Amino acid sequence: MLFSDAKGRKVVSTTTAETIAKVAGFVVDPASRSVVAVEVKKTKDGDVVLWEDVKGFGDDAVTVESDEKITAAVGDVAVLADKHHQVLGKKVLSTAGAELGSVKDVEFDETSGTITGIVLESETAPGNRLIGVGSYAVVIDWSN
Amino acid sequence: MSVLMRAGEVAKRPVVTMQGEDVAQIKDIVYAPGGGEVAGFTLAGRGIFSGPRKEVLAWKSVAALGPDAVMILREDVLVSPDEAFAGVSGSGSGSGHGNVLGSRVLTDSGTDLGKVIDVIIEVSGANGGQCDVVGYEIEASEALKTNSTKVLIPLPDTLAASAEHLMVPAGAVDFVRDDLAGFGAAVDDFRAHLKGSH
């Protein structure tokens, strides 16, 4: 699934069957090459759902147990949720120091959260080539 | 695989960690004493208001010198000049290839070929690979009889240099090229030619 497809999807509580939020973005951990949390529009309790609290990531909705699963980002997730670590739109550098373009979209596995692809202007780099996501660039071990 | 580039183009290139942070940018190239090789780089901070940085980047700590960025593993490979260039005496002092911009290139037969405007370096491999000085870009004098005003001239492995002049063998004139494409081969041919003639 692509980040762009998943954005805007409703987040539904399996306890109350109510829509409690909408997917606004994703928090990516480059070290594990996976989505560690889903960002939602800020509520009084916070603005992220940790990936381990996502029950189902379906085509129509993301399900969580209850609205208590929407929390404020803390620790590592808070660091990665910082705007400096956003992936979309960022400049992409190869480990050889060549600019490859910018991140247009990200492909991920909706059951595991694993990043499977980094979509650039004209091609897609395999997700397992992701090395780092910093304030200046996304670094991938890949040459086109 | 080896890549040729102008030293002048490396200046201002960002220094980026594998974590994607731009931690500095290249200020100047530091040549090893005796010329011939790049020992490392002095650095400036990022952004228009940041000045020079105390730390330097030794060539051995460069993971890749790419066309758009100089990649390093982590920010902590940037160290003090004493640490980076220990045993590299006289670095950056203007000796050898240290500060050749503006110097006149003179053949050993006494012809002035022109003024040095850039240094051509060859990067072969990285992380333990070499970064050699292989030629100069010069503003050609009339003696060279070339159509272009800027030409590339290959260098021998070692050459005599003063603040005023750089001495090259007269035979270098036959290996002058207009651009970087094909210049690597010209350098190899020139050096092979020198070995053969001694």
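What you are looking at is a predicted structure, and each value in this text was computed from that prediction instead of being measured.

Student: Got a sec to walk through the nonpolar core? Specific residues and values, please.
Tutor: Val15(B), Phe41(B), Leu57(B), Leu65(B), Ile121(B), Tyr136(B) and Ile138(B) are the most contacted members of the largest nonpolar core, which totals 43 residues. Those residues in contact with Phe41(B) that lie beyond four places of it in its chain are Val10(B), Ile26(B), Asp28(B), Ile29(B), Val30(B), Val56(B), Leu57(B), Trp59(B), Val62(B), Leu65(B) and Phe85(B). Of all hydrophobic cores here, the second largest spans 32 residues; its members include Phe26(A), Val64(A), Ile115(A) and Leu120(A).

Student: Explain unusual backbone geometry to me, and be specific about the residues and the numbers.
Tutor: Backbone phi values are negative for most residues with the exception of glycine, while trans is the configuration of most peptide bonds. Even without glycine at this site, Ala17(A) takes up a positive phi of about 65°. With respect to the helices and strands, the residue Ala17(A) is situated in the loop between strand S1 (10-13) and strand S2 (19-29).

Student: Give me the lowdown on the interface of chain A and chain B, citing residues and values where you can.
Tutor: With 16 residues of chain A at the interface, the matching set in chain B holds 16 residues. When the buried area of chain A at its contact with chain B is split by residue, Thr95(A), Gly97(A) and Tyr136(A) rank highest and sum to 42% of it. Across the contact surface, chain A and chain B share zero salt bridges. The tally of links between chain A and chain B comes to nine residue pairs in polar contact (both at pLDDT 80 or more). Elements supplying a minimum of two residues to the side of chain A that touches chain B: strand S8 (91-94) and strand S13 (130-133) of chain A. No other element matches the three residues that S13(A) contributes to the side of chain A that touches chain B.

Student: Tell me about the confidence of the model for chain B, and please be specific about residues and values.
Tutor: All names here are of chain B. Summary statistics for chain B give a mean pLDDT of 85 and a share of 90% for residues scoring 70 or more. Note on residues 90-97: pLDDT is under 50 here. Beyond four places in sequence and across chains, it has 17 contacts. Scored by ipTM, the complex comes to 0.88, with pTM at 0.85.

Student: Tell me about a negative patch on the surface, and name the residues and values.
Tutor: A cluster of acidic residues, Glu18(A), Glu65(A), Asp67(A) and Glu68(A), forms a negative patch on the protein surface. Structurally, the position occupied by Glu65(A) is in the loop between strand S6 (61-64) and strand S7 (70-71).

Student: If you had to explain the UniProt feature "domain: PRC-barrel" (unreviewed entry) in chain A to someone new, which residues and values would you point to?
Tutor: In the numbering used here, UniProt assigns the feature "domain: PRC-barrel" (unreviewed entry) to residues 85-134 of chain A. Across residues 85-134 of chain A, the secondary structure splits into 0% helix and 48% strand, with the terminal C-alpha atoms separated by 5 Å.

Student: With reference to specific residues and values, describe the packing of aromatic side chains.
Tutor: Residue and element names in this part refer to chain A. Counted according to the given criterion, the structure contains nine aromatic pairs over all chains. Arranged with centres 5.7 Å apart and planes meeting at 25°, the rings of Trp51 and Phe57 form a pair that is stacked. You can call Trp51 buried: its relative accessible area is 12%.

Student: Requested: an account of the sheet that holds S13(A), with residues and values cited.
Tutor: Residue and element names in this part refer to chain A. Spatially, S9-S8-S14-S13 is the arrangement adopted by the four strands of the open sheet, whose pairing is mixed. Looking at the sheet topology across the chains shown, the edges are occupied by strand S9 (99-102) and S13. When the angles between neighbouring strand axes are averaged without regard to direction, this sheet yields 25°. Where S8 and S9 come together, three bridges link them in antiparallel fashion. The residue bridging Val92 from the neighbouring strand is Gly101, located in S9.

Student: Residue-level account of the UniProt feature "domain: PRC-barrel" (unreviewed entry) in chain B, with values.
Tutor: Within this numbering scheme, the UniProt entry marks residues 6-72 of chain B as carrying the feature "domain: PRC-barrel" (unreviewed entry). Annotated as 6% helix and 51% strand, the span residues 6-72 of chain B places its first and last C-alpha atoms 20 Å apart.

Student: Let's hear about the pairing of S8(A): which residues, and what values?
Tutor: Residue and element names in this part refer to chain A. Once S8 ends, the chain turns through four residues before running back antiparallel as S9, passing Gly97 with a positive phi of about 85°. As defined by bridge partners, S8 adjoins strand S14 (residues 138-140) across three bridges and the pair is classed as parallel. Each residue of the ladder has a partner; that of Val92, found in S14, is Val138.

Student: Summarise the sheet that holds strand S10 (residues 105-108) of chain A; cite the residues concerned and give the values.
Tutor: Residues and elements named next belong to chain A. One open sheet accounts for three strands, arranged S10-S11-S12; its pairing is antiparallel. Edge positions in the sheet fall to S10 and strand S12 (124-126), since each has one partner strand and no second. The sheet shows a mean angle of 25° between the axes of neighbouring strands, taken without regard to direction. Bridge count for S10 against strand S11 (residues 115-119) is four bridges, and the pairing is antiparallel. Looking at the pairing, Val106 lines up with Ile118 of S11.

Student: I'd like to hear about the pattern of salt bridges, residue by residue, with values.
Tutor: Residue and element names in this part refer to chain B. Inspection of the entire model under this criterion finds eleven salt bridges over all chains. A salt bridge links Arg53 to Glu55; its shortest N-O distance comes to 3.2 Å. Glu55 gets classed as partly exposed once you look at its relative accessible area, which sits at 25%. A salt bridge links Glu75 to Arg53, with the nearest nitrogen and oxygen atoms 3.8 Å apart. Taken together, the residues Glu75 in the loop between strand S7 (70-72) and helix H2 (81-84) and Arg53 in strand S5 (residues 52-58) connect sequence positions 22 residues apart. Judged by its relative accessible area of 24%, Arg53 is partly exposed. Linked by salt bridges that have partners in common, Arg6, Glu9 and Glu137 make up one network.

Student: Run through the environment of Thr71(A), naming residues and quoting values.
Tutor: All names here are of chain A. Inspection of the secondary structure assignment puts Thr71 in strand S7. Sequence-wise, Thr71 and Thr43 are 28 residues apart; in three dimensions their C-alpha atoms are separated by 8.7 Å. Contacts of Thr71, omitting those with residues within four sequence positions, involve Asp45, Gly46, Asp47 and Val48.

Conventions and cut-offs
- Residues numbered from 1 in each chain as written.
- Chains lettered and ligands numbered in written order.
- Predicted model: local features only at pLDDT ≥ 70, side-chain atom pairs only at ≥ 80, totals over all residues.
- Heavy atoms only, no water.
- Core = buried A, V, L, I, M, F, W, Y, C linked by side-chain atoms within 4.5 Å.
- Buried < 20%, exposed > 50% of the residue type's maximum accessible area, 1.4 Å probe, protein only.
- Contact = heavy atoms within 4.5 Å.
- Helix = DSSP H or I, 4+ residues; strand = E, 2+ residues; numbered from the N terminus.
- Buried area = accessible area lost by both parts, 1.4 Å probe.
- Salt bridge = Lys/Arg side-chain N within 4 Å of Asp/Glu carboxyl O.
- Polar contact = N/O pair within 3.5 Å; in protein donor to acceptor, adjacent residues only side chain to side chain.
- pLDDT = per-residue confidence, 0-100.
- Patch = residues over 30% accessible without salt bridge, like charges linked within 9 Å, V, L, I, M, F, W, Y side chains within 5 Å.
- Areas by Shrake-Rupley, 256 points an atom, 1.4 Å probe, with all protein chains shown as cover.
- Lys, Arg positive; Asp, Glu negative; His and termini not counted.
- Charge placed at Lys NZ, Arg CZ, Asp CG, Glu CD.
- UniProt positions renumbered as here; feature names shortened; annotations may be inferred.
- Phe/Tyr/Trp six-rings, centres within 6.5 Å; stacked < 30°, edge-to-face > 60°.
- Pairing = 2+ DSSP bridges.
- Axes fitted to C-alpha atoms, helices over the stretch in contact; angles between N-to-C directions.

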